[in-house]
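Residue-level structure breakdown
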Amino acid sequence: MHNQTPNHTLTTNQKWTIASTSAGFALENMDVMFLSFALSSIIASLHISGAQAGLIATVTNLGMLAGGILFGLIGDRFGRVKTFTYTVFIFAFATAAMYFADNIQLVYLFRFIAGIGAGGEYGVGITLIAESFAHHKIGKMTSIAAIGGQIGAVLAAIAAAFIIPAFGWNALFLVGLVPVILTYFIRRNLHESDDFVATHAKIANHTAKQPVSIASLFNTPGVALQTVGLMIMVVVQIAGYFGLMNWLPTIMQHKLHLTVAGSSVWMIATIVGMSIGMLVFGNILDFFGPRRAFGIFLIGSAIAVFAITLANNEPTMLIAGAILGFFSNGMFGGYGAVISRLYPTEIRATANNVIVNTGRAIGGFSSLAIGILMDHYTLPVVMGCLSAMYIISFVVMLSIPGLRKLSAHHEVAPKATTVEAN
């Protein structure tokens, strides 16, 4: 059961759902990007090595995995809305606590806690969207929410440009308190979906106790294949994103002798391409199904990643960056959409969080892997490896039976008590 209204108008709860999740993802991504912009200042002020600095992002990703598992289970058991606000509170206060971090141990601690909140927020937010809109709109709506994350990256860049030079890197993280305001409006205006309420009423009436368990994601060979396959796809998605965002600006500075400002313009072009790609992907997913949508974008990513090595001046670099962003990150909102349709209500938030945050934890090592490759091989070889990853993801995608079913039957909803991959 999804909240639907005639004439394509949105209910008040649907409006608050998309607004809250978009804002939450924007603030979460802003928090993650604060670290990127402040990293050089952190290294200088705390006198830490490159390896110690690199470990900060790894610790954050591990926190996301822990938070994803924990709050996915809590969200499925006790409700999406309350859990969503709890996760926002956690990453907001942990981010602000970075103001007091005067040694690397405190940085690791606060970033791990912030990761717990951010990792929990994703799956619960995506699940709220999936249970509040008709199936043929989920792809578009999750993509709109994902665009919120890109807006957060832009806001982080603006905030960092003004705050770090004037007040130092610690002060930048105080902006992390802004999400606390969001939680007030969420609690006041957002309500649980009819889908969640009906499912839990049914469980309460017919079973004495039915605990939510991660084992449900692997309870049959078909479901296990589906879960592992989706994890591999998300690993590639995250690896490509972090690898490209962290390394390509530096690569292009050396290859084209760009200034930092020039590489920043490239990043803006890439983010614009990502946002457009998300909208296009969401619509293709809703109209033609996940196999065609992912197929087009995975093949497009494989070609665009390798083709970017052919750029030899700033104009072609900007165009190549926008095209690469369009394909490589246009898919991001689609994972939550398909996971939400492939897994039943009682395990949906857990499925989203476990699958996506496992991808984050593993895919987050791509920056290290690309750095090692860059030390030993040429740029075409490195980009060729990234291109091959997208081809692997494409093959894995074709092997997932549940995606074939969704593509063949767009309007078929998953059962409330079984997983749609047998």
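In this text, all values refer to a predicted model and were calculated from it rather than measured experimentally.

As for the packing of aromatic side chains
For the structure on display, the rule yields 12 aromatic pairs. Look at phenylalanine 34 and phenylalanine 173: their rings are 6.0 Å apart centre to centre, the planes differ by 75°, and that puts the pair in the edge-to-face class. A residue pair is termed long-range when its members are at least 10 positions apart, and phenylalanine 34 in helix H1 (residues 12-46) and phenylalanine 173 in the loop between helix H6 (169-172) and helix H7 (179-189) qualify at 139 residues. With a centroid separation of 5.3 Å and an interplanar angle of 20°, the aromatic rings of phenylalanine 297 and phenylalanine 326 are classed as stacked. Residue phenylalanine 297 is found in helix H11 (residues 290-307), and its partner phenylalanine 326 is found in helix H12 (residues 314-328); the two are separated by 29 residues along the sequence.

Overview of the pattern of salt bridges
Overall, the coordinates contain 5 salt bridges when judged by the stated rule. Residue arginine 111 is joined to aspartate 31 by a salt bridge in which the shortest nitrogen-to-oxygen separation is 3.1 Å. Here arginine 111 is found in helix H4 (residues 104-130), whereas its partner aspartate 31 is found in helix H1, with 80 residues between them in sequence. Each of the two residues, arginine 111 as well as aspartate 31, counts as buried. The partner of aspartate 76 in a salt bridge is arginine 80, and the shortest N-O contact between them spans 2.5 Å. In this structure, aspartate 76 and arginine 80 share a single accessibility class: buried. A single network of salt bridges, built from pairs that share partners, joins Asp76, Arg80, Glu131 and Arg348.

Notes on the packing of helix H15 (residues 366-376) against helix H16 (residues 379-398)
At a minimum axis separation of 8 Å, H15 and H16 run at an interaxial angle of 150°. The orientation of H15 relative to H16 falls into the category roughly antiparallel. For the crossing formed where H15 meets H16, the hand is right-handed. Counted together, Ile370, Leu373 and Met374 of H15 and Leu379, Val382, Cys385 and Leu386 of H16 form the full contact between these two elements. Broken down by class, the residue content of the contact of H15 with H16 amounts to 7 nonpolar, no polar and no charged.

What counts as what
Residues numbered from 1 in each chain as written. Predicted model: local features only at pLDDT ≥ 70, side-chain atom pairs only at ≥ 80, totals over all residues. Heavy atoms only, no water. Phe/Tyr/Trp six-rings, centres within 6.5 Å; stacked < 30°, edge-to-face > 60°. Helix = DSSP H or I, 4+ residues; strand = E, 2+ residues; numbered from the N terminus. Salt bridge = Lys/Arg side-chain N within 4 Å of Asp/Glu carboxyl O. Buried < 20%, exposed > 50% of the residue type's maximum accessible area, 1.4 Å probe, protein only. Axes fitted to C-alpha atoms, helices over the stretch in contact; angles between N-to-C directions. Parallel < 35°, antiparallel > 145°, perpendicular 65-115°, else oblique. Left-handed = near helix turned anticlockwise from the far one by under 90°. Contact = heavy atoms within 4.5 Å. Nonpolar A, V, L, I, M, F, W, Y, C, P; charged D, E, K, R; others polar.

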